[in-house]
Amino acid sequence: MKLSAQEIAQATGGTLVHGSPKTVFHGVSIDSRTIRPGQLFVPLVGSRYDGHDFIADALRQGAPGFLFQREPQCRVPRSVAAIRVHDTLHALGDLAHWVVIKLNAQIIAVAGSNGKTTTKELIAHVLAQKFRTQATVGNHNTEIGLPLTVLNALENTEIFVLEMGATAPGDVRRLCQIAPPQIGVLTSIHEEHLATLGTVEGVIEAEMELLEALPPQGRAIINGDNLEILNVARRKARCRLMTFGFASHNDFVAEDATISRAGTRFYIKSPEWQNEMSISLLGRPAVLAGLAAIAVAQHLGLSFSEIRRGLMGARSVWGRLQLISLPTITILHDAYNANPASMHEAICCAAQIRSGDEELIFVLGDMLELGAFSEKAHREIGRSVARVRPDRLITIGEQARLIGEEATSVGIPVQHYATSDEAAQALDLTDGRRYFILLKGSRGMHLERVLDALLHHTLVSV
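Residues numbered from 1 in each chain as written. Predicted model: local features only at pLDDT ≥ 70, side-chain atom pairs only at ≥ 80, totals over all residues. Heavy atoms only, no water.

Asks: Would you mind going over the overall build of the chain with me for this structure?
Replies: Counting its regular elements, the chain contains 16 helices and 22 strands. Principal-axis analysis of the C-alpha atoms places the extent of the chain at approximately 70 × 50 × 45 Å. Within the chain, residue pairs in contact and separated by at least 24 positions form 64% of the contacts whose partners lie at least 6 positions apart. Accessible area of the chain: about 19500 Å², with a carbon and sulfur share of 48%. In the chain, the 44 positive side-chain charges and the 48 negative ones have mean positions that sit 6 Å from each other. (Helix = DSSP H or I, 4+ residues; strand = E, 2+ residues; numbered from the N terminus. Contact = heavy atoms within 4.5 Å. Areas by Shrake-Rupley, 256 points an atom, 1.4 Å probe, with all protein chains shown as cover. Lys, Arg positive; Asp, Glu negative; His and termini not counted. Charge placed at Lys NZ, Arg CZ, Asp CG, Glu CD.)

What follows is the structure in structure tokens.
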């Protein structure tokens, strides 16, 4: 994205106090360590750092200029453009909004408790068959990440598929102000971020901010399996609403879903056609993400063959029901994040695709940010584990201990560790037996360290 200093000052309501208004920037960065020559540096102020302390580093890396809300302490060369703004974070969003308007690109926003990243990736992958599409990088779905996706996009972008996260009331509303969506996709709503959102009702209100932001001529596409949430959505949306899910009352319905290690097959009924569909991703969450992608693609005029080709070519996202096959160990890596609904789905998926000759091991970490609901949620997961009856359960974290207590009551062997590092050091599966291992927990539990240990032990033993 090419921007001049004059345009940036205009977009942010800032003042160019140094350098030429004709200075040209190619993209934006907030990190002086990774900034590329030609990018605008935006120093953000956080609780543990102040980006203004790194302006000199950014200039040495080739930044032609920067925004600032606090006077820089370094010497600023004459050729550098410096733009004073009231608040650099808010200016970052204002600049992204200005670019969205300038490009006149269509915005597809994806919100919800579970499956946002997979849904966003599938929508983008399918739409790329026909449109120049840019999607949120990874899960950078915040007031920082979303603007950076927009500001570093190609200038010929036709469609943005933007993930929008809700950790507090107003989060989604602000993101919709930055990038006003024409299509809103709401994946599902479950217990999440209860420490900041308070109750499930608070989660519903936070996620529904997406539907409230859609214009009357827009389109809301939501998971309609929960009738109570669907009724709320119908009251909130000012535009036409379409639904997807497993329940027969939805507009886009998946039936007869079968899961194997090769992927997931299901039969779809949609307003335009009925047919069998295959996707290389695993589990019911992948089916729901596929339905959302189909609904968006049909609305935008893609053919069945284009949609099918896009879905079949999609690949799993790191840490989200990602299957890793090693000589004697198969790992279902779903440890990017966790809440009760996604934990339950991962347990069911692992039980379905493990082979009879594999010992089934669950490695489960704390589900964080559940507030007062935490103990009940972890014990419910323990009862789910008890129903599946894995050969072994490994729990990590203080709350996950409760999962183990429920599993122990039915005789499942349980090992508990305080941290992922302790579990990684203790876990030794190099005895030649075959194992199927589920890794699932919140991002803050760092279960990828267990994954790294498994990969290392396997490589050493081969």
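On we go from here.
Asks: Where do I start with the nonpolar core in this structure?
Replies: Core analysis: the biggest nonpolar cluster contains 59 residues, and Met208 and Leu211 have the highest contact counts within it. With seven residues, helix 3 (residues 88-103) is the single largest residue contributor to this core. Each residue touching methionine 208, except ones within four places of it in the same chain, is listed here: Leu186, Ile189, Ile229, Val232, Ala233 and Lys236. The next biggest cluster of nonpolar side chains, apart from the first, holds 40 residues, and it includes Leu122, Phe266, Met277 and Leu281. (Core = buried A, V, L, I, M, F, W, Y, C linked by side-chain atoms within 4.5 Å. Buried < 20%, exposed > 50% of the residue type's maximum accessible area, 1.4 Å probe, protein only.)

Asks: Looking at this model, I keep getting lost on the pattern of salt bridges. Mind explaining?
Replies: Where side chains of opposite charge bring their charged atoms close, a pairing between them can arise. This model, assessed by the stated rule, comprises 30 salt bridges. Note that glutamate 345 is salt-bridged to arginine 284, the shortest N-O span being 3.5 Å. With a gap of 61 residues between them, glutamate 345 in helix 12 (residues 340-353) and arginine 284 in helix 10 (residues 283-299) connect regions that are remote in the sequence. A relative accessible area of 21% places glutamate 345 in the partly exposed class. Note that glutamate 359 is salt-bridged to arginine 392, the shortest N-O span being 3.1 Å. Within this pair, whereas glutamate 359 is found in strand 19 (residues 359-365), its partner arginine 392 is found in strand 20 (residues 392-396), the two being separated by 33 residues in sequence. Accessibility classification places glutamate 359 together with arginine 392 in one group, the buried group. Linked through salt bridges whose partners overlap, the residues forming this network are Glu375, Arg379, Arg383, Glu405 and Glu406. (Salt bridge = Lys/Arg side-chain N within 4 Å of Asp/Glu carboxyl O.)

Interpretation note: all reported values are geometric properties and have no functional meaning in isolation.
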